[in-house]
Amino acid sequence: MTDTFLSKIDGDAAAQPNFWQALEEVARDVLPIEKAHSEFAKARVLHRLAEPDRILSFRVVWEDDAGDVQINRAWRVQASNAIGPYKGGLRFHPDVTVDTLKFLAFEQCFKNALTGLPLGGAKGGANFDPRGRSNAEIMRFCQALMRQMARFIGPDLDVPAGDINVGTREIGYLFGAWRQLSDSYAAALTGKGLSYGGSQMRIEATGYGLIYFVACMLAEQGKGLDGQRIAISGRGNVATHAAGKAIDLGGTVITLSSTSGTLYAPDGLTKEAVEWVQERKAAGEEMNAPPTSLGASFHADKTPWEFEPDIALPCATQNELTRDMACMLAEAGTQLVAEGANMPLTSDAAALLARKGIPRAPGKAANAGGVAVSGLEISQNAHGRYLSADEVDRALKDIMQTIHSRVAEEGRKDGQIDYQLGANIAAYRKLAKAIAEQGIV
Ligand code: GLU
């Protein structure tokens with residue numbers, strides 16, 4: 001069934017390996033549901049979701065500190081606004097291509113549907129490498145990007161936010177440029193600073209939400225976070241906030257990592273160690289010389305998966321965890337995997353874990369906390385009433401628990417939960433109903 005479906009998808013898509021991987025993984029799970037509902041089959045829901053509504057491509061021209069003209073390519077993939085305005089992050093990375101953004105926008109449609117909030121799916125970004133760039137260069141790049149993008153976004157149209165290498169600083173520069181260009185204060189971005197309309201807890205939300213989701217998965221197995229040895233990859237916003245929350249809840253976080261190696265603490269990283277990692281990242285420095293007081297050592301060229309964790313949380317980037325690494329986890333007795341990054345496992349790594357019966361929560365469910373709090377930011381901006389950090393935290397916990405129950409309900413089979421199946425089906429049902437009910441548009 002999946003092969004027949006894929007054979008009808010536009011030829012360009014097959015040459016986009018990340019998009020193809022994401023599509024194939026969803027198609028396998030949801031086509032039986034589409035087939036079983038004539039109104040969904042007739043509307044060709046999945047085929048429509050596989051074709052983004054619109055892909056905008058921009059040339060971004062800016063001047064570097066040396067006075068030289070720099071040229072980058074940026075895109076915004078507006079995948080579907082069937083359940084709400086387009087919504088998803090912006091990523092700055094030299095590896096960003098249309099393929100990457102198409103896969104991320106496709107996944108975002110499903111993730112956003114799972115939050116229960118009225119959010120469509122989109123993703124954007126640029127092949128811009130912020131490493132080594134000055135603050136002034138980052139600002140000029142953000143302004144140049146917004147000059148291109150401003151007329152295509154807006155609170156009812158498309159609401160970008162952050163993603164890899166786009167945090168509060170970049171959103172600040174993008175928002176500054178947006179309000180100047182649009183002559184309005186409309187909330188066309190989320191992840192804003194607290195002094196100009198941002199939400200409490202937006203920075204922490206993805207990482208905290210991931211740990212709340214993991215707590216639900218463990219509760220299913222009759223366990224808690226206490227004493228669990230947790231390996232986390234990455235050292236960005238998601239990884240470090242997940243580490244902080246896991247430590248607060250009694251977990252032993254044994255790793256964080258960068259592209260050059262892994263910081264390993266056999267007795268667990270302290271909150272001070274996590275702060276040290278955040279400071280190194282902000283300064284654009286490596287983690288290879290940790291102070292001895294941190295009780296951690298740096299292992300060049302090692303991945304976190306080599307340190308025999310009970311729980312593995314890939315929080316770096318797509319396809320970071322390969323089949324060999326999954327094998328290593330299975331042999332070490334890892335009991336649970338939850339994705340802080342989007343599609344961090346290769347297909348064969350995911351298949352191996354499934355064969356070994358190791359539960360794995362896909363990013364579209366486990367990392368939905370970030371976009372969920374973005375959704376809360378949009379409603380706070382619309383109503384002009386702002387929630388306290390405690391209120392947002394409670395709402396976030398509630399949303400993650402609700403996502404877990406919906407996914408568990410759809411994914412329960414033979415006494416186990418297939419989280420990927422559950423997430424795909426739960427999200428698909430919502431999207432399919434909205435698309436079928438709104439006619440052929
Ligand atoms: N980039 C984040 C994600 O992958 C957040 C998107 C948003 O807040 O719009 O879900």
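Details of the structure are given in the entry above.
Residues numbered from 1 in each chain as written. Predicted model: local features only at pLDDT ≥ 70, side-chain atom pairs only at ≥ 80, totals over all residues. Heavy atoms only, no water.

To continue, consider the packing of helix α7 (residues 135–149) against helix α8 (residues 168–182). Across the interface, α7 lies against α8 with an axial gap of 8 Å and an inter-helix angle of 45 degrees. Taken together, α7 and α8 sit at an angle that is classed as oblique. The element α7 and its partner α8 pack so that their crossing is right-handed. Each of N135, I138, M139, C142, Q143, L145, M146 and R147 in α7 lies in contact with α8, whose residues at this interface are R169, E170, Y173, L174, A177, W178 and L181. The class makeup of the residues in the contact of α7 with α8 is 10 nonpolar, two polar and three charged. (Axes fitted to C-alpha atoms, helices over the stretch in contact; angles between N-to-C directions. Helix = DSSP H or I, 4+ residues; strand = E, 2+ residues; numbered from the N terminus. Parallel < 35°, antiparallel > 145°, perpendicular 65-115°, else oblique. Left-handed = near helix turned anticlockwise from the far one by under 90°. Contact = heavy atoms within 4.5 Å. Nonpolar A, V, L, I, M, F, W, Y, C, P; charged D, E, K, R; others polar.)

Further remarks concern the site of the ligand. Around the ligand, a shell composed of 13 residues is seen, among which K87, K111, G162, D163 and S374 lie nearest. The separation between an oxygen atom of the ligand and a polar side-chain atom of K87 is 2.7 Å. In this structure, R202 approaches the ligand through a side-chain N or O atom, which is 2.9 Å from an oxygen atom. At the level of elements, β3 (86–92), α6 (98–114) and α15 (369–383) are the ones that each hand at least two residues to the shell around the ligand. Ranked by residues supplied to the shell around the ligand, first place goes to β3 with three residues. For the shell around the ligand, a count of residues per class yields two nonpolar, six polar and five charged. (Near = heavy atom within 4 Å. Polar contact = N/O pair within 3.5 Å; in protein donor to acceptor, adjacent residues only side chain to side chain.)

If you trace the backbone, S80 turns up in strand β2 (residues 69–80). From its side chain, S80 meets the backbone nitrogen of A82 in a polar contact 3.2 Å long.

Each aromatic ring pair is specified by the distance between its two centres and by the angle formed by the two planes. Taken as a whole, this structure holds 13 aromatic pairs when the rule is applied. Arranged with centres 5.1 Å apart and planes meeting at 90 degrees, the rings of F92 and F141 form a pair that is edge-to-face. On the criterion of sequence distance, the pair formed by F92 in strand β3 and F141 in helix α7 is long-range, its members being 49 residues apart. Relative accessible area serves as the criterion here: at 1%, F92 is assigned to the buried category. Ring geometry for Y264 and F307: centres 4.2 Å apart, planes at 20 degrees, overall stacked. In this pair, Y264 sits in strand β8 (residues 261–264) while F307 sits in the loop between β9 (297–300) and β10 (311–313), placing the two residues 43 residues apart along the sequence. (Phe/Tyr/Trp six-rings, centres within 6.5 Å; stacked < 30°, edge-to-face > 60°. Buried < 20%, exposed > 50% of the residue type's maximum accessible area, 1.4 Å probe, protein only.)

Pairing is mixed across the open sheet formed by seven strands, whose spatial order is β9-β8-β7-β6-β10-β11-β12. Each end of this open sheet is capped by a strand with a single partner; those strands are β9 and β12 (360–361). (Pairing = 2+ DSSP bridges.)

The next thing to look at is the packing of helix α10 (residues 237–248) against helix α11 (residues 271–282). Between α10 and α11, the least distance of the axes is 10 Å, while the angle of their chain directions is 175 degrees. As summarised for this structure, α10 and α11 are arranged roughly antiparallel, according to the angle between their axes. Along the contact surface, α10 presents T240, H241, A243, G244, I247 and D248, while α11 presents K271, V274, V277 and Q278. Per-class residue counts for the contact of α10 with α11 are four nonpolar, four polar and two charged.

Bringing the environment of A426 into the picture now. Structurally, the position occupied by A426 is in helix α17 (residues 419–437). Looking at A426, the relative accessible area reads 13%, which means it is buried. Here the alpha-carbon distance between A426 and A113, two residues 313 residues apart in the chain, equals 8.4 Å. Once residues within four sequence positions are removed from consideration, A426 is found in contact with L114, R406 and E410.

A contiguous nonpolar patch, built from V61, V69 and I71 and spanning about 270 Å² of accessible area, is present on the exposed surface. Relative to the assigned elements, V69 resides in strand β2. (Patch = residues over 30% accessible without salt bridge, like charges linked within 9 Å, V, L, I, M, F, W, Y side chains within 5 Å. Areas by Shrake-Rupley, 256 points an atom, 1.4 Å probe, with all protein chains shown as cover. Salt bridge = Lys/Arg side-chain N within 4 Å of Asp/Glu carboxyl O.)

Before going further, it helps to examine the sheet that holds strand β5 (residues 158–161). In space, the five strands of this open sheet follow the order β1-β2-β4-β3-β5, with mixed pairing throughout. Where the open sheet ends on each side, the last strands, each with one partner, are β1 (54–63) and β5. Strand-to-strand twist across the sheet, computed as the mean angle between neighbouring axes with direction ignored, equals 20 degrees. As paired strands, β3 and β5 are joined by four bridges and run parallel to one another. Paired with G89 across the strands is A161, a residue of β5. The strands that α6 touches are β1, β2, β3 and β4 (121–126); relative to β4, the one it contacts most, it runs at about 150 degrees.

In this section: the pattern of salt bridges. Proximity of charged atoms lets side chains of opposite charge pair with each other. Within this structure, the stated rule accounts for 16 salt bridges. A salt bridge links R133 to E137, with the shortest nitrogen-to-oxygen separation between them at 3.1 Å. Judged by relative accessible area, R133 falls into the partly exposed class, the value being 28%. A residue is classified by how much of its surface remains accessible, and E137, at 6% relative accessible area, is buried. Salt bridges here are not isolated pairs; linked through shared partners, they connect R91, K123 and D163.

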